[in-house]
Amino acid sequence: MAYLFEMQSLSASYGADNVLHDVNFKVNESDFIGVIGPNGGGKTTLLKVILGLLKPASGKLVFNNELLTEKSIGYLPQMSTGDINYPVTVTDIILSGLMIQKSIISGMSADDRKKADLVINELGLSGMSKSTLNELSGGQMQRVFLGRAIIGDPKLLLLDEPGNFVDTTFENDFYEKLRDLNKRMAILMVSHDIGTISSHIKSFACVNRSLHYHPSNEITNEDLLAYGCPIQLVTHGEVPHTVLKYHQ
Amino acid sequence: MGANIFQYDFIIKGLLGAVFASITAGLAGTYVVSKRMVFLSGGITHASFGGIGIGYFIGINPVIGAAVFGIMSALGVEYLSVKQKIREDSAIGILWAFGMAIGIIFIYLTPGYTPNLMSYLFGSILTVTNADIMALGIMSVILILYFGIFYRTILYISFDEVFARTYSSYVDIFKYITTSLIALTIVLNIRMAGVVLVISLLTIPPNIAMLFTKVYFKIVVWSVIAGFIGTATGYTISYFAGIPVGATIIFTLVIIWVIVKGIVYLVKKISKQKK
């Protein structure tokens, strides 16, 4: 299986604050990796480095240029970034995912609009193309931002805490969708909620300053302890949840 | 005959002023309202009064002084809030009053002829010069070109700056250019509506448009149309009734807002009943 990118003893820092240390990490085609770890452990920083928003302090990030360029990465940021009351339609938001492939002066072609329509249908948003975000539910909003991330047909999809703004009702739909997308792109999903994601991912990486890769989706307490990777599990009363494995 | 030529000139000036004011205010105003920068724009407006005062004092065109002050205060707020970690609304409040204070001090210190303060505070078409109209016309062309050429880029940076940074390294440049152009738009419209009222010229038309459309581009178009109707009507009423033009324009715009709001409400009610 061909790799998409590789980090070689990569470190990243904000000023003197060393957030990622000596990371060796390889992502292949058709991977579906959950990135877990405590808050402030460097999960989002890892995404920033891949997106080119933060230059490595040392070490290297190598793209397999035959398969992956900076323009073929799709990104779903945490919910808080866009203004939901902004006068911009679902179609226009999804189209903005194409800006990475365009110059600052380009408009959108009829072809681009066709692509947007396809994505809108694929994500079950038909009939909402002319709506603004404040008319949508949390789950629909999330699919709009997912649409923006995938309209450019990326080879790698980066998701930052997608569980944060989704109602539990939409959660399964959403992960189901990701499983479909995984047939044509690798996915790297940051989450602190390991309980929810573990049944959907193929493998996981634990990030807590350093990065430990675990090539299956079964996570034991021993793994977590060994990696120094504390996580929090929260259940809400009667909400059904899965216990993955009992442990002494 | 002489009176007729004077009147003719007066009408042309008013008409062109209304066209250019509504184009510039519609384009800048839609951006300001969408991005929730109304308070910042109010701050820029009042801070630019400092430039008017200094302009009088040292004997240059007050509009040039106002333009310098307007742009500097816009960038100053950004500097104070981002670099110095002062709350943005506090930074705006400080520059707002500081600009007004400087303006009043320097106008007071200006020897001899005391300029007509009222015309700057509340607007007066009588003091609008051909050069002012021409400046507004040039500004209209610049804004149409700027927003036309970079439409998608400006829209997406304004909607979601964090995401825009993932694909563009021009985010800050565009923000500074757009804010500076808005400051210039405000300053050039001060002659029409005055320091106190110009912010409404930017904010009321987009709010009229937003009553019935939510597509950014359409808001711009309808803002310009609503702005023109408001300014032209206000101008005419002010001429015949002999009342200040800025106040009349803003009054007319608010009336239009109320009427459109009522129509939208009725249309919704009727279409609901049909269902």
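Just so it is clear, the model here is predicted, and its values are computed rather than measured.

Calculation rules
- All residue numbers refer to positions counted from 1 along the written sequence of the respective chain.
- By the order in which they are written, chains take letters starting at A while ligands take numbers starting at 1.
- Per-residue local features of the predicted model are confined to residues with pLDDT of at least 70, and side-chain atom pairs are confined, for both listing and counting, to 80 or more; whole-chain, interface and lining totals are unaffected and use all residues.
- Numbering of helices and strands runs from the N terminus; a helix is a DSSP stretch of H or I covering at least four residues, while a strand is a stretch of E covering at least two.
- Exposure is read from a count of other C-beta atoms within 10 Å of each residue's own; the residue is exposed at 12 or fewer, buried at 20 or more and partly exposed in between. C-beta atoms are placed from the backbone.
- By definition, residue pairs are in contact when their C-beta atoms, positioned from the backbone, come within 7 Å.
- Interaxial angle, 0 to 180 degrees, is taken between N-to-C directions of lines fitted to C-alpha atoms, where a helix line uses only the stretch in contact.
- Any angle from 65 to 115 degrees is called roughly perpendicular, while one under 35 is roughly parallel, one over 145 is roughly antiparallel, and all others are oblique.
- The hand of a helix crossing depends on one turn: near helix anticlockwise from the far one by less than a right angle means left-handed, and clockwise means right-handed.
- Ten residue types, Ala, Val, Leu, Ile, Met, Phe, Trp, Tyr, Cys and Pro, are classed as nonpolar, four, Asp, Glu, Lys and Arg, as charged, and the remainder, Gly among them, as polar.
- The term nonpolar core means buried Ala, Val, Leu, Ile, Met, Phe, Trp, Tyr and Cys residues held together as one set by C-beta atoms within 7 Å.
- To estimate how far a helix should extend, the number of its residues minus one is multiplied by 1.5 Å.
- Confidence of the prediction at every residue is given by pLDDT, a number between 0 and 100.
- Strands pair, by our definition, only if DSSP identifies at least two bridges between them.
- Throughout, the arc means that of the directions going from the helix axis to the C-beta atoms.

**Notes on the overall build of chain A**
Part 1 of the reasoning: Each helix and strand in chain A was counted, giving 7 helices and 9 strands.
Part 2 of the reasoning: Residue burial in chain A is summarised as follows: out of 248 residues, 40% are buried.
Part 3 of the reasoning: Across chain A, contacts joining residues at least 24 apart in sequence account for 72% of those joining residues at least 6 apart.

**Let's talk about the packing of helix 2 (residues 38–58) of chain B against helix 9 (residues 171–193) of chain B**
Residues and elements named next belong to chain B.
Part 1 of the reasoning: Contact pair helix 2 / helix 9: the axes reach a minimum separation of 10 Å and the direction vectors enclose 55°. The angle between helix 2 and helix 9 falls in the class oblique. In this structure, the crossing between helix 2 and helix 9 has a hand that is right-handed. Taking contact as the criterion, the partners of Ser41, Ile44, Thr45 and Ser48 in helix 2 are, on helix 9, Ile182, Ala183, Ile186 and Val187.
Part 2 of the reasoning: Counted by class, the contact of helix 2 with helix 9 contains 5 nonpolar, 3 polar and no charged residues.

**A short note on unusual backbone geometry**
Part 1 of the reasoning: A positive phi angle is found at Ser30(A), which is not glycine, with a value near 60°.
Part 2 of the reasoning: Topologically, Ser30(A) is positioned in the loop between strand 2 (17–28) and strand 3 (32–36).
Part 3 of the reasoning: The backbone of Arg36(B) shows a phi angle near 55°, a positive value even though the residue is not glycine.
Part 4 of the reasoning: Along the polypeptide, Arg36(B) turns up in the loop between helix 1 (2–34) and helix 2.

**Comments concerning the nonpolar core**
Part 1 of the reasoning: Grouped together as the largest cluster of nonpolar side chains are 141 residues, with contacts concentrated most on Leu158(A) and Ile187(A).
Part 2 of the reasoning: Take this core: its biggest share by element is 11 residues, from helix 9 of chain B.

**Focus: the interface of chain A and chain B**
Part 1 of the reasoning: Taken together, the contacts link 20 residues of chain A with 22 residues of chain B.
Part 2 of the reasoning: The class makeup of the residues in the side of chain A that touches chain B is 12 nonpolar, 7 polar and 1 charged.

**Points about helix 4 (residues 138–150) of chain A**
Part 1 of the reasoning: For helix 4 of chain A, with 13 residues, the first-to-last C-alpha span of 19 Å sits near the 18 Å given by 1.5 Å per residue.
Part 2 of the reasoning: Extensive coverage of helix 4 of chain A is indicated by the burial of 10 of its 13 residues.

**Some details on the environment of Tyr31(B)**
Part 1 of the reasoning: Relative to the helices and strands, Tyr31(B) resides in helix 1.
Part 2 of the reasoning: In this view, Tyr31(B) contacts Ser158(B), Thr178(B) and Ile182(B); residues no more than four positions away in its chain are not counted.

**Comments concerning the confidence of the model for chain B**
Part 1 of the reasoning: In the predicted model, chain B carries a mean pLDDT of 90, and the fraction of residues at 70 or more is 96%.
Part 2 of the reasoning: Across the predicted assembly, pTM comes out at 0.87 and ipTM at 0.86.

**Quick look at the sheet that holds strand 6 (residues 156–160) of chain A**
Residues and elements named next belong to chain A.
Part 1 of the reasoning: Here 6 strands make up an open sheet; going across it, the order is 5-6-7-3-8-9 and the pairing mixed. Lying at the two open borders of the sheet, with one neighbouring strand each, are strand 5 (73–76) and strand 9 (210–214). The average angle at which neighbouring strand axes cross in this sheet is 15°, direction not considered.
Part 2 of the reasoning: Relative to strand 6, strand 5 runs parallel, the two sharing 4 bridges. Bridge pairing links Leu76 to Leu159 in strand 6.
Part 3 of the reasoning: Against the sheet, helix 1 (residues 43–51) touches strand 3, strand 5, strand 6, strand 7 (186–190) and strand 8 (203–208), its axis set at about 150° to strand 6.
Part 4 of the reasoning: The sheet contacts of helix 4 involve strand 5 and strand 6, and relative to strand 5 the element is tilted by about 165°.

**Some words on helix 6 (residues 130–149) of chain B**
Residues and elements named next belong to chain B.
Part 1 of the reasoning: Compared with the 28 Å implied by 1.5 Å per residue over 20 residues, the 29 Å span of helix 6 between its first and last C-alpha is a close match.
Part 2 of the reasoning: Buried within helix 6 are the following residues: Asp132, Ile133, Ala135, Leu136, Met139, Ser140, Leu143 and Phe147. Along the axis of helix 6, the buried positions cluster into a sector of 155°, meaning they face one direction only. Opposite the packed face of helix 6, turned more than 90 degrees from it, sit the exposed residues Asn130, Ala131, Met134, Ile138, Val141, Leu145 and Gly148.

**A look at the pairing of strand 2 of chain A**
Residue and element names in this part refer to chain A.
Part 1 of the reasoning: Bridge count between strand 1 (residues 3–14) and strand 2: 8 bridges; the pairing is antiparallel. Across the sheet, residue Tyr3 finds its bridge partner in strand 2, namely Asn28.
Part 2 of the reasoning: Where strand 1 folds back onto strand 2 in an antiparallel hairpin, the turn is made up of 2 residues, including Gly15, whose phi is positive at roughly 60°.

**Re the environment of Ile259(B)**
All names here are of chain B.
Part 1 of the reasoning: Here Ile259 lies in helix 12 (residues 245–274).
Part 2 of the reasoning: For Ile259, a count of 11 C-beta atoms within 10 Å gives the class exposed.
Part 3 of the reasoning: Along the sequence, Ile259 and Ile208 sit 51 residues apart, while their C-alpha atoms lie 9.5 Å from each other.

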